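Architecture at a glance
Okay, here's what each chain looks like letter by letter:
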Amino acid sequence: MRKRFAVAFTGPSNSGKTTLIEKVARILIADYKIAIVKNDPKDKAVFDVEGKDSWKFFQTGAEVVVTSPTRTTYFSHRHKRVEEIIDMVNDFDYLLVEGLKTLPLPRIAIFRNAIDESYFPYCEAIAVDDSVDVAKYDIPKTIDILDLNDTAQVIGWIKNHAKAV
């Protein structure tokens with residue numbers, strides 16, 4: 001069985017998590033199968049249109065799968081643990097997780113303008129841009145400092161630190 005690896009990204013709102021994950025995925029997808037999990041802690045994401053068949057089916061309380069020649073979408077009323085999501089997706093080389101700060105995965109925290117030191121216990125690396133003066137912070141020696149705009153460096157870190165899942 002092929003090894004699968006996972007890494008997580010965390011950080012304050014509008015720090016660049018989604019942008020970085022998108023850049024990383026676009027490069028890795030050339031050579032690897034990529035899966036992405038995004039946490040929506042405030043339940044703000046909208047995935048279906050009111051009145052459409054799939055919306056009506058979901059309103060019944062049932063688990064709903066919509067399939068077409070180009071995609072499959074799964075709507076569930078049940079919270080899924082990341083292990084359950086891994087089992088569902090199954091066929092990937094790298095799983096990129098956005099959010100879920102306490103999930104036990106190697107984690108890159110992303111910051112712009114300022115570093116929130118409360119993230120330090122949850123990350124193994126931080127990615128910052130020129131708007132952050134890292135010398136102003138007491139960053140633990142165990143945390144790697146990455147250039148947020150150097151996608152190759154971030155991918156190198158992922159390949160060296162991602163956890164087999």
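Note that the structure is predicted; figures quoted are calculated from it, not measured.

Another aspect to go through is the packing of aromatic side chains. All told, the structure shown has four aromatic pairs when counted by the stated rule. The interplanar angle of 80° and the centroid separation of 5.4 Å between the aromatic rings of phenylalanine 111 and tyrosine 119 together place this pair among those described as edge-to-face. By relative accessible area, phenylalanine 111 is classed as buried at 0%. When its relative accessible area of 11% is taken as the criterion, tyrosine 119 is described as buried. An aromatic cluster is built from Phe5, Tyr32 and Tyr94, whose rings are joined through pairwise contacts.

Let's shift gears to the pattern of salt bridges. Using the criterion set out here, one finds seven salt bridges in the structure. Here glutamate 22 and arginine 26 are joined by a salt bridge, their closest N and O atoms 3.0 Å apart. With glutamate 22 and arginine 26 both in helix H1 (residues 17-28) and four residues apart, this pair spans about one turn of that helix. Its relative accessible area of 39% is what places glutamate 22 among the partly exposed residues. A salt bridge links arginine 78 to glutamate 63, with the nearest nitrogen and oxygen atoms 3.8 Å apart. Taken together, the residues span a long stretch of sequence, with arginine 78 in the loop between strand E4 (72-75) and helix H3 (82-89) and glutamate 63 in the loop between helix H2 (53-59) and strand E3 (64-67) at a distance of 15 residues. For arginine 78, a relative accessible area of 52% translates into the label exposed. The exposure class assigned to glutamate 63 is partly exposed, which follows from its relative accessible area of 27%. One network of salt bridges, in which partners are shared, links Arg81, Glu83 and Glu84.

Cut-offs and rules
- Residues numbered from 1 in each chain as written.
- Predicted model: local features only at pLDDT ≥ 70, side-chain atom pairs only at ≥ 80, totals over all residues.
- Heavy atoms only, no water.
- Phe/Tyr/Trp six-rings, centres within 6.5 Å; stacked < 30°, edge-to-face > 60°.
- Buried < 20%, exposed > 50% of the residue type's maximum accessible area, 1.4 Å probe, protein only.
- Salt bridge = Lys/Arg side-chain N within 4 Å of Asp/Glu carboxyl O.
- Helix = DSSP H or I, 4+ residues; strand = E, 2+ residues; numbered from the N terminus.

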